[in-house]
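Next come the chains, spelled out residue by residue.
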Amino acid sequence: MSEMAGYVGQSLQLALGTVFLVAAVTKLRGLSRFAVTLREFKLFPKALAGPVALSVAVVELGVAVSMLSGRLLELSLPTMSVLLVAFAVAVGVNLLKGRAISCGCFGSVAEQISP
């Protein structure tokens, strides 16, 4: 790999780590609000919203630490992919149902899901 490609890869790794860190901290600071957002997606029983919210936030934090430290990337990269695909599927399902709900992105309740 060329030196420039290495710098680009490291820059992307740090950028993604930062995005996941901000997302995780935002979710952890407003965990009940994130649980409400998950309930609005109506993809699993309402009673699971709290545990799922905490689990997602903790996993995102783990991905962020891994990306920023460069450790356990072989675990965090597929985990990050699963998180991103799960979010895309959740948004897609709700868009197909014609639902106008908050995406919950970075704690925002004003931002609605959209293609």
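Residues numbered from 1 in each chain as written. Predicted model: local features only at pLDDT ≥ 70, side-chain atom pairs only at ≥ 80, totals over all residues. Heavy atoms only, no water.

A. Structural detail: the packing of aromatic side chains. The full count for this structure, using the stated rule, is 0 aromatic pairs. The aromatic ring of Phe34 is capped on one face by Lys27, whose charged end is 5.1 Å from the ring centroid. (Phe/Tyr/Trp six-rings, centres within 6.5 Å; stacked < 30°, edge-to-face > 60°. Lys NZ or Arg CZ within 6 Å of the ring centre and 35° of its normal.)

B. Geometry of the packing of helix α3 (residues 49–69) against helix α4 (residues 73–96). For the pair α3 and α4, interaxial distance at closest approach is 9 Å and the crossing angle is 135°. Taken together, the axis directions place α3 and α4 in an arrangement best described as oblique. Pair α3 / α4 crosses with left-handed handedness. Contact residues: Val56, Val59, Glu60, Val63, Ser66 and Met67 in α3; Leu73, Ser76, Leu77, Thr79, Met80 and Leu83 in α4. Broken down by class, the residue content of the contact of α3 with α4 amounts to 8 nonpolar, 3 polar and 1 charged. (Axes fitted to C-alpha atoms, helices over the stretch in contact; angles between N-to-C directions. Helix = DSSP H or I, 4+ residues; strand = E, 2+ residues; numbered from the N terminus. Parallel < 35°, antiparallel > 145°, perpendicular 65-115°, else oblique. Left-handed = near helix turned anticlockwise from the far one by under 90°. Contact = heavy atoms within 4.5 Å. Nonpolar A, V, L, I, M, F, W, Y, C, P; charged D, E, K, R; others polar.)

C. Inspection of the side chain of Glu60 at higher detail. The residue Glu60 is located in helix α3 in this model. Dropping the residues within four chain positions of it, Glu60 is found in contact with Phe20, Ala23, Ala24, Lys27 and Leu83.

D. How the structure looks around the nonpolar core. Of all hydrophobic cores here, the largest spans 7 residues; its members are Phe20, Val63, Ala64, Met67, Leu73, Met80 and Leu83. Contributions of two or more residues to this core are made by α3 and α4. Beyond its immediate chain neighbours, meaning those up to four positions away, Met67 contacts Gln13, Leu14, Leu16, Gly17, Leu73, Ser76, Leu77 and Met80. Counting 6 residues, the second-largest nonpolar core is a separate cluster that includes Phe41, Ala90, Cys103 and Ile113. (Core = buried A, V, L, I, M, F, W, Y, C linked by side-chain atoms within 4.5 Å. Buried < 20%, exposed > 50% of the residue type's maximum accessible area, 1.4 Å probe, protein only.)

E. Quick peek at empty space enclosed by the protein. Taken as a whole and judged by the stated rule, the model has 1 cavity of 30 Å³ or more. Volume-wise, the largest cavity comes out at about 90 Å³. Surrounding the largest cavity, Ala23, Thr26, Lys27, Gly30, Arg33, Phe34, Thr37, Gly104, Phe106, Gly107, Ser108 and Val109 form its lining. Among the elements of the structure, α1 (3–29) and α2 (31–41) are those that each provide at least two residues to the lining of the largest cavity. Residue classes in the lining of the largest cavity are distributed as 4 nonpolar, 6 polar and 2 charged. (1 Å grid on protein atoms, 1.4 Å probe; cavity = no way out; pocket = protein on both sides within 12 Å on 5 of 7 lines; lining within 4 Å. Points joined across faces, edges and corners; volume = space filled by probe spheres on them.)

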